[in-house]
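Read off the chains here:
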Amino acid sequence: MTKLVSKWNFPTTVRFGAGRIKELPDALGATGIRKPLFVTDPGLARLPVVARTLKILEDAKVPYGVFSDVKPNPVESNLTAGIAAFRKGKHDGVVAFGGGSALDLGKLIAFQAAQTRPIWDFEDIGDWWTRADGDKIAPIIAVPTTAGTGSEVGRAGVLTNEETHTKKVIFHPKILPAIVIADPELTTGMPPFITAGTGMDALAHCLEAYCAPGYHPMADGIAVEGIRLVFENLPKAYANGKDLTARANMMSAAAMGATAFQKGLGAIHSLSHPIGALYDTHHGMTNAVFMPYVLAFNRDAIEDRIARLTGYLGMKGGFDGFSRAVLKLRKELKVPHTLPGLIKGLDMDKKRKTLIADMAVVDPTAGGNPVKLTRKSALMLLDNAIEGA
Ligand code: NAD
């Protein structure tokens, strides 16, 4: 059996393998961070996994501060408070420890602490990132504890603008963490709902990247293998959270999804972002709900690609076979089939649906969908996901 330990330099240095969290002091030394701000979320902060990690820092006599005021789907007030903690503690770098929410917020604290312009000036639009003073961005070490977003290997952070109720992607090449410690043991405590949602997020990233138009064979190759890893390992990780091999493979799939989606994403994400911003749903679980509806909508444009993919996956039945496999996986993971299954008491009137469709169409991920997403088609997809059609 292949040993699940390796060192990757694409796209950043990933120290991968069970137990490697003990290398955190060494990683801090390698990045020159002397007094890190440890950014995590309040749920994780109460778990032994955080206490054990902080003990590693204490044993190594690393002075640190902890900031855990991070909402799932973090908001600007979390960032403001995190920056205040960073400055007050005179920190010189960030250890971002957690799921996508804590990783993104940690990255954004390191980024924004020394900038003078508002965070929204750095949205992932054109070259807006060049407005930032890149030399002042503090170094970041990322330690994922979920296996889904792949934020640990990404150059972006997602932040919800509470005034406009929109999720915004903030981008700067220098918020790519200098070192990632990807230790699958840290993910074994994830409850099944989060295992399922985050795992489906990794699948959504790989699948949308693979289906996005454009020439990027490297991303395609990574996405295809990521999809295989999800189908083969997510049900195992869901059924037995302590299955370290399944957890390790899911951790890889998550990093692969985020590496692949430099090629583009699509309508699953375009619809999931407004739903997440307006209803505070789990990002990956929301993607999982939309997946079969968007797959069917894109069918004509992606049928050949999906047939090629099924050849690699050893699935029969081409596009239909793949669609059935997605539905089966969702069922196994108890993913709700419809939006009302995800959001209790959901009651959307026409005005609200139109608002969501309009937000989806302008979402930066919409451009990657293989079929043009219009207000009409976004409304249709929304109705399908509401009715389960
Ligand atoms: P999350 O970070 O919001 O965490 C979800 C819950 O899981 C939290 O309550 C947390 O305490 C808990 N949790 C995390 N790790 C755990 C563990 N090991 N054991 C027990 N509980 C644990 O969830 P997520 O899906 O990882 O991240 C979602 C966020 O990431 C969203 O804001 C989304 O928009 C963003 N995102 C970012 C990118 C990116 O490229 N930067 C990509 C996709 C999604």
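Note that the structure is a prediction, hence the values are computed from the model and not measured.

Draft legend 1. Geometry of the confidence of the model for the protein chain. Of the residues in the protein chain, 98% have a pLDDT of 70 or more, and the chain-wide mean is 96. With pTM at 0.96, the complex prediction returns an ipTM value of 0.99.

Draft legend 2. Quick peek at the site of the ligand. Contacts to the ligand come from 32 residues, most closely from Gly43, Pro72, Gly99, Gly100 and Ser101. Contributions of two or more residues to the shell around the ligand are made by α2 (42-45), α5 (100-112), β7 (156-161), α6 (192-211) and α10 (283-313). No other element matches the four residues that α5 contributes to the shell around the ligand. Residue classes in the shell around the ligand are distributed as eleven nonpolar, 18 polar and three charged.

Draft legend 3. Up close: the nonpolar core. Judged by nonpolar contacts, the single largest core of 119 residues is most densely connected at Val39, Ala96, Ile109 and Cys206. Per-element tally for this core: the top contributor is α10, with twelve residues. In terms of domain composition, this core takes at least three residues from each of domain 1 (6-186) and domain 2 (191-387). Residues in contact with Ile109, not counting those within four places in the same chain, are Leu37, Val39, Leu79, Gly82, Ile83, Phe86 and Val94.

Draft legend 4. Just helix α3 (residues 48-59), in detail. Here α3 spans 16 Å end to end across twelve residues, near enough to the 16 Å set by a 1.5 Å rise per residue. Those residues of α3 that sit buried are Val49, Val50 and Thr53. Along the long axis of α3, the arc covered by the buried residues comes to 100°, so they all point the same way. With respect to the buried face of α3, the exposed residues turned more than 90 degrees away are Pro48, Ala51, Lys55, Glu58 and Asp59. Buried residues along α3 sit against α1 (24-31), α2 and β5 (93-98). One or two residues past the end of α3 sits Lys61, with phi positive at roughly 60°.

Draft legend 5. Structural context of the UniProt feature "domain: Fe-containing alcohol dehydrogenase-like C-terminal" (unreviewed entry) in the protein chain. On the UniProt side, "domain: Fe-containing alcohol dehydrogenase-like C-terminal" (unreviewed entry) is annotated at positions that read residues 195-385 here. Each end of residues 195-385 is marked by a C-alpha atom, and these two atoms are 22 Å apart; helix forms 75% of the span and strand 0%.

Draft legend 6. Inspection of the environment of Ile343 at higher detail. Of note, Ile343 is situated in the loop between α12 (339-342) and α13 (350-362). Look at Ile343 and you get partly exposed, because 19 C-beta atoms sit within 10 Å. Sequence-wise, Ile343 and Ile275 are 68 residues apart; in three dimensions their C-alpha atoms are separated by 9.7 Å.

So, how was this worked out
Residues numbered from 1 in each chain as written. Predicted model: local features only at pLDDT ≥ 70, side-chain atom pairs only at ≥ 80, totals over all residues. pLDDT = per-residue confidence, 0-100. Near = placed C-beta within 6 Å. Helix = DSSP H or I, 4+ residues; strand = E, 2+ residues; numbered from the N terminus. Nonpolar A, V, L, I, M, F, W, Y, C, P; charged D, E, K, R; others polar. Core = buried A, V, L, I, M, F, W, Y, C linked by C-beta atoms within 7 Å. Buried ≥ 20, exposed ≤ 12 C-beta atoms within 10 Å, placed from the backbone. Domains from an automatic or database assignment. Contact = placed C-beta atoms within 7 Å. Expected span 1.5 Å × (residues − 1). Arc of directions from axis to C-beta. UniProt positions renumbered as here; feature names shortened; annotations may be inferred.

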